[in-house]
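One letter stands for each residue in the lines below.
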Amino acid sequence: MNSEFFDALDALEREKGIPKEFMYEKIRQAMLQALRKDSPNSADLAEVILDENTKTVEMVIHKTVVEQVEDPARAIDLTAARRIEKKAAVGDTVAVLVEPKKFGRIAAQSAKQVIIQAIREQERGVIMDAFTSKEHEILTGVVTRVEPRNGTVSIRINSSAEYTEAILSPNERIWGEELREGELIKVYVVEVRNTSKGPHIVISRTHPNLVKRLFELEVPEIYNGDVEIKSIAREAGSRTKMSVYAVDPAVDPIGACVGPKGGRVSNIVNELGGEKIDIIKYSDNPEEYVAAALSPSEVLSVEMQEDGKSCRVVVPDSQLSLAIGKEGQNARLAAKLTGFKIDIKPESEAY
């Protein structure tokens with residue numbers, strides 16, 4: 001423990017932003033903890049002294065001066081005490097240096113462990129701060145590994161200048177999507193958790209808000225607030241229904257989302273691996289909203305039920321399968337989008 005030790009702490013403060021005072025206290029604690037293992041009877045009397053001026057580190061044990069020593073871990077005889085302090089008397093307390101050999105071993109081990117741990121904590125803190133600000137946002141990452149056995153994908157993502165590895169679990173992957181090492185993909189940051197092993201970033205390709213954020217990036221009218229996304233119902237990899245509303249009456253909300261020659265929505269469909277996206281116009285009128293949500297099917301009538309949570313929909317006989325959709329998907333997504341339970345009847349059975 002010499003000037004190089006203090007120089008190293010100075011460098012840590014400059015390069016990693018770890019305050020020296022923080023490190024001093026951590027090192028004191030670690031060295032005292034190490035002493036407790038080595039000399040448990042005297043540990044509570046010990047003190048670690050770090051002197052920036054002289055660039056020295058010492059460990060002393062404050063022992064009581066006695067005529068006859070019964071516990072050498074806590075007491076010192078008068079003769080030995082006066083070698084340290086000439087005017088020492090029985091009953092006084094003197095600071096006895098821990099022998100260099102023992103102190104050197106304790107100090108080296110403790111300082112190394114503390115510095116390594118402090119650097120890890122600082123780096124975790126920086127990563128935590130950087131990615132917490134990205135919760136509920138989209139980040140672009142690079143696929144670094146695809147685990148063939150369980151489908152787990154490792155993705156290197158970055159926020160500002162900070163990089164970290166995140167895991168895209170199988171249930172957060174788009175069904176049927178093939179990902180390859182080195183490929184760039186967009187992911188939605190669901191949550192950033194602070195765990196004992198460091199920051200854990202939960203990412204998703206199936207979350208409905210991934211679609212929302214993609215439209216915000218692609219459609220200026222959504223980004224600037226002229227068009228508002230009201231609701232999204234999604235079955236990732238297959239189909240999404242999204243309702244939109246024009247805050248500015250002069251704007252066509254569906255046209256804005258589709259874009260010139262369908263370019264805007266096509267870019268999002270391509271990003272999602274060909275997932276179909278139905279964009280419908282939101283309405284405060286439940287009947288109109290449900291009818292629009294069942295597109296591309298034609299709807300003859302919508303009758304809201306007394307419970308206010310369900311409705312009865314009549315469609316032409318020829319449109320029944322289209323309204324219900326393959327395996328019930330169209331009706332299921334429409335119900336999720338609008339929040340109503342939808343009972344679909346063909347015209348021939350409705351009256």
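Before reading further, recall that the structure is shown in the block above.
Residues numbered from 1 in each chain as written. Predicted model: local features only at pLDDT ≥ 70, side-chain atom pairs only at ≥ 80, totals over all residues. Heavy atoms only, no water.

## Here we look at the packing of helix α9 (residues 286-293) against helix α11 (residues 329-338)
So, step 1. Interhelical geometry of α9 versus α11 gives an angle of 145° and a closest axis separation of 9 Å. As α9 runs across α11, the sense of the crossing is right-handed. When α9 is examined against α11, the residues Tyr289, Val290 and Ala293 are found in contact with a partner set consisting of Ala334, Leu337 and Thr338.
So, step 2. Tallied by class, the residues present in the contact of α9 with α11 amount to five nonpolar, one polar and no charged. (Axes fitted to C-alpha atoms, helices over the stretch in contact; angles between N-to-C directions. Helix = DSSP H or I, 4+ residues; strand = E, 2+ residues; numbered from the N terminus. Left-handed = near helix turned anticlockwise from the far one by under 90°. Contact = heavy atoms within 4.5 Å. Nonpolar A, V, L, I, M, F, W, Y, C, P; charged D, E, K, R; others polar.)

## Quick look at the sheet that holds strand β13 (residues 301-304)
So, step 1. In space, the three strands of this open sheet follow the order β13-β14-β15, with mixed pairing throughout. Because the sheet does not close on itself, it has two edges, and the strands there are β13 and β15 (341-346). When the angles between neighbouring strand axes are averaged without regard to direction, this sheet yields 20°.
So, step 2. Of the pairings in the sheet, the one linking β13 to strand β14 (residues 310-315) comprises four bridges and is antiparallel in character. Looking across to β14, one finds that Glu303 is bridged to Arg312.
So, step 3. Packing against the sheet, α9 makes contact with β13, β14 and β15, and its axis sits at approximately 130° to β13. (Pairing = 2+ DSSP bridges.)

## A few points about the sheet that holds strand β10 (residues 227-235)
The strands making up a sheet associate through hydrogen bonds between their backbones, and the pairing can be parallel or antiparallel.
So, step 1. Here we have three strands laid out as an open sheet, ordered β10-β11-β12, and mixed in their pairing. On the outer flanks of this sheet lie β10 and β12 (276-281), each paired with one strand and no other. Each strand axis lies, on average, 20° off the axis of its neighbour in the sheet, ignoring direction.
So, step 2. Bridging between β10 and strand β11 (residues 239-246) involves eight bridges; their strand directions are antiparallel. Paired with Arg234 across the bridge in β11 is Thr240.
So, step 3. The strands that α11 touches are β10, β11 and β12; relative to β10, the one it contacts most, it runs at about 135°.

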